Amino acid sequence: MMENVHLAPETDEDDLYSGYNDYNPTYDTEELENDTAFQQAVRTSHGRRPPSKTSLASSMGRPMTGAIQDGVTRPLTAVRAAGFTKAAFRGSAFDPLGQSRGPAPPLETKNEDSPEEKIRQLEKKVNELVEESCIANSCGDLKLALEKAKDAGRMERVLVRQREQVTTPENINLDLTYSVLFNLASQYSANDMYAEALNTYQVIVKNKIFSNAGRLKVNMGNIYLKQRNYSKAIKFYRMALDQIPSVHKEMRIKIMQNIGVAFIKAGQYSDAINSFEHIMSMAPNLKAGFNLILSYFAVGDREKMKKALQKLIAVPLEIDDDDKYISPNDDTHTNLVIEAIKNDHLRQMECERKAMAEKYIMTAAKLIAPVIESSFAVGYDWCVEVVKASQYVELANDLEINKAITYLRQKDFNEAVETLKMFEKKDSRVKSAAATNLSSLYYLKNEFAQASNYADLAVNSDRYNPSALTNKGNTVFANGDYEKAAEFYKEALRNDSSCTEALYNIGLTYKKLNRLDEALDCFLKLHAILRNSAQVLFQIANIYELMEDPNQAIEWLMQLISVVPSDSRALSKLGELYDREGDKSQAFQYYYESYRYFPSNIDVIEWLGAYYIDTQFCEKAIQYFERASLIQPTQVKWQLMVASCFRRSGNYQKALDTYKDIHRKFPENVECLRFLVRLCTDIGLKEVQEYATKLKRLEKMKEIREQRIKSGRDGSGGSRSKREGSAGRDSGQNCSASSKGERLSAKLRALPGTNEPYESSSNKEIGKCRCPHPVPTGMAGLKKTGEMAEPCTWHKNFVWTDYVLDDLGEHFCSL
């Protein structure tokens, strides 16, 4: 084994790292003073030390760094990294980081006058203007947003011209130009300046430099759709669809939805069906499914309507179950997490998506239910079964309630009641809603006992249902227990502070109790919620009138006629107030306006006729009394006033003819005979004796009749006065103001008081019912759509028009 072992020699002449410890006199700095060549180079610096003929080798013969000796390269060794530089030989301190050189020189100052700097400042200002325009648009200030966009466009054009003068056209900022033009077009469109918006979009689309500019044709299609130019809208939508790559599936689906909507608006339902069917096969969504049902409904395809409803119900919502937000145990950390996410933005988005799905499904079911089968009841039953078999089980109860409402529209009250009674065995929420509706129905039919029973059932099923509490208060109010009714209204307000029906009714209750200050507070609060409610404005004016503050009453009535300028009753009320204040000219103006809108109000006709008589214009008063005689042909006083106007104006022959005509119609009228006798005497007619004889006979009969009445009154006067006193107490404070006695004075009778309904006399009823009675909560979960006639118990009639079923527990506002 030892034969293969070779020991290293003690001396190796080929050792590459040998000689480092050897001393070389060449590097001895102490001998530099005696070196003539070195000193000459230092003094003159005209050259350098001549190279030595001998190589710088160590005394032991070590080669230089990097030198090649015998074919072997000398390893590289560095001294600079360790700080051993030539400066060290000249006496400088060790400074490898160069700290001895001092601080860095100051930065060069910007030259603000340079073209490049001016261009950068302009770009900054353009970007700021674009941002300000977008912010103004988001805040709703569309005019300011447009002005900022125009300023950005002008400044951007200046920027382009300056850049072209300084640099080549390739260096122009195309992104900035695109953003300025796009924002300008958007602001034009937001301000309904569609022509300017289309021109700006055309500038972007036709410029081939802008990449993906063809997508803006969707915006151009939207503008044409707003302009109802559906053919062009479809054309631009299709052009945009052609430029969208197939990988952008979601964008292509949205554009196809726009195409389908444009086809529906254009009446091309078959093309719309093709678009929506393609969407439902590729990426089903709620809007496309609902629009598909509308298209099938338009063409009347029953079977496909059913299939489309099933497809709509099958659209996945992609939201978590509600069980996720229920704590499974008592773990504190888990409960905190659930509490944090229970009402976060994601949860709110899920609730909104679910509510939107329920809205689409309910609307679609109500739309097709009456037409998919032979009768609407069978159609509703089919829809209910389909909904029960889906994830929207709760909507089945809403459909059943809507079925009852459809019965009401068809005036089939018995079927409506029977349908609602089916919910008495349901859960508490549905039972409360159905009982609330039943209570409203019986209340409208003046069956207050049944209304009270179902109101109790609704309250017991859901004590926190404000509709049920309001209905219960209405039934108590109808029985005259105003204090208790106020308690139910207050409880409804505690459960739901936005229940305007309860707030309105409690104001009426305080008015009944003559607590006018509290009633005024209620109506002023309601006015803050319902700014343009004619009913609330009238009640405030009426309360100020009862508080003997006519100026405030006039001010609120002026607000009322600004909301309903053609309400004849409000105008006549204003005329009455001005008449009380002694302002005849203003009173005449409002009475005349009231007569112009509704020329059948006897009170207004009477005042206008009396006004013209007082102002000595009897000829003008004739037309008003003639109209009154047409409205009330059995009332002799209007015809007598016509004859009196003829007589006062000097037309005695016309007056005589009128009196004769009245005598033929009312032969026992004493006043007519007196005027006939007087006129015949003045004119000298022979008929005067005949009329005088009739007058004496009628006066004698009248005396005999009065004597009989007087003798009978002496025996029963006491009891009758007692009955009259009782009746006077029951009628309230305002019965005297609404007396029906015949009079021809210039003043009108006062409007009905708190115990009489305020209703417009116009045959074209303006606004809604203004009955100062408790407002029935109506059908729970109903909201009105469009113009409708609302139920009014006190006018003894109600008309059901279009309603939309909403969430259960809400109530019908019949203010």
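Enquirer: Explain the packing of helix H31 (residues 652-665) against helix H32 (residues 670-683) to me, please; I cannot follow it from the model alone.
Expert: The description of two helices packed together rests on the angle between their axes and the distance between the axes. One way to put it is that H31 packs onto H32 with a least axis distance of 10 Å and a crossing angle of 145°. Seen from above, H31 lies across H32 with left-handed handedness. Residues Tyr-652, Ala-655, Leu-656, Tyr-659, Lys-660, Ile-662 and His-663 of H31 form the contact with H32, whose participating residues are Cys-672, Leu-673, Phe-675, Leu-676, Leu-679, Cys-680 and Ile-683. Across the contact of H31 with H32, the residue classes tally to 12 nonpolar, one polar and one charged.

Enquirer: I tried to follow the environment of Asn-291 on my own but got confused; where do I start?
Expert: As for its position among the elements, Asn-291 is in helix H11 (residues 286-299). Between the C-alpha atoms of Asn-291 and Tyr-360, which are 69 residues apart in sequence, the distance is 9.7 Å. Ignoring sequence-local partners within four residues, the contact set of Asn-291 consists of Val-261, Ile-264 and Phe-276.

Enquirer: It is not clear to me how the nonpolar core should be interpreted in this structure. Could you clarify?
Expert: A general feature of soluble globular proteins is that nonpolar side chains tend to end up buried together. Grouped together as the largest cluster of nonpolar side chains are 91 residues, with contacts concentrated most on Tyr-237, Ile-255, Leu-309, Cys-383, Tyr-392 and Leu-399. Contacts of Ile-255, omitting those with residues within four sequence positions, involve Val-218, Tyr-237, Ala-240, Leu-241 and Ile-244. Residues Leu-503, Ala-519, Phe-538 and Trp-607 belong to the second largest nonpolar core, which totals 88 residues.

Enquirer: Help me out: how do you make sense of helix H3 (residues 115-138) in this one?
Expert: One turn of an α-helix holds 3.6 residues; hence residues three or four places apart share an orientation. Across its 24 residues, H3 extends 35 Å between first and last C-alpha, which sits within 8% of the 34 Å expected from 1.5 Å per residue. Where H3 is concerned, the buried positions are Glu-117, Ile-119, Leu-122, Glu-123, Val-126, Leu-129, Val-130, Ser-133 and Ala-136. At its buried positions, H3 is contacted by helix H4 (142-166) and helix H5 (174-190). At the exit of H3 stands Gly-140, carrying a positive phi of roughly 90°.

What counts, and at which threshold
- Residues numbered from 1 in each chain as written.
- Predicted model: local features only at pLDDT ≥ 70, side-chain atom pairs only at ≥ 80, totals over all residues.
- Heavy atoms only, no water.
- Axes fitted to C-alpha atoms, helices over the stretch in contact; angles between N-to-C directions.
- Helix = DSSP H or I, 4+ residues; strand = E, 2+ residues; numbered from the N terminus.
- Left-handed = near helix turned anticlockwise from the far one by under 90°.
- Contact = heavy atoms within 4.5 Å.
- Nonpolar A, V, L, I, M, F, W, Y, C, P; charged D, E, K, R; others polar.
- Core = buried A, V, L, I, M, F, W, Y, C linked by side-chain atoms within 4.5 Å.
- Buried < 20%, exposed > 50% of the residue type's maximum accessible area, 1.4 Å probe, protein only.
- Expected span 1.5 Å × (residues − 1).

By themselves these figures say nothing about function.
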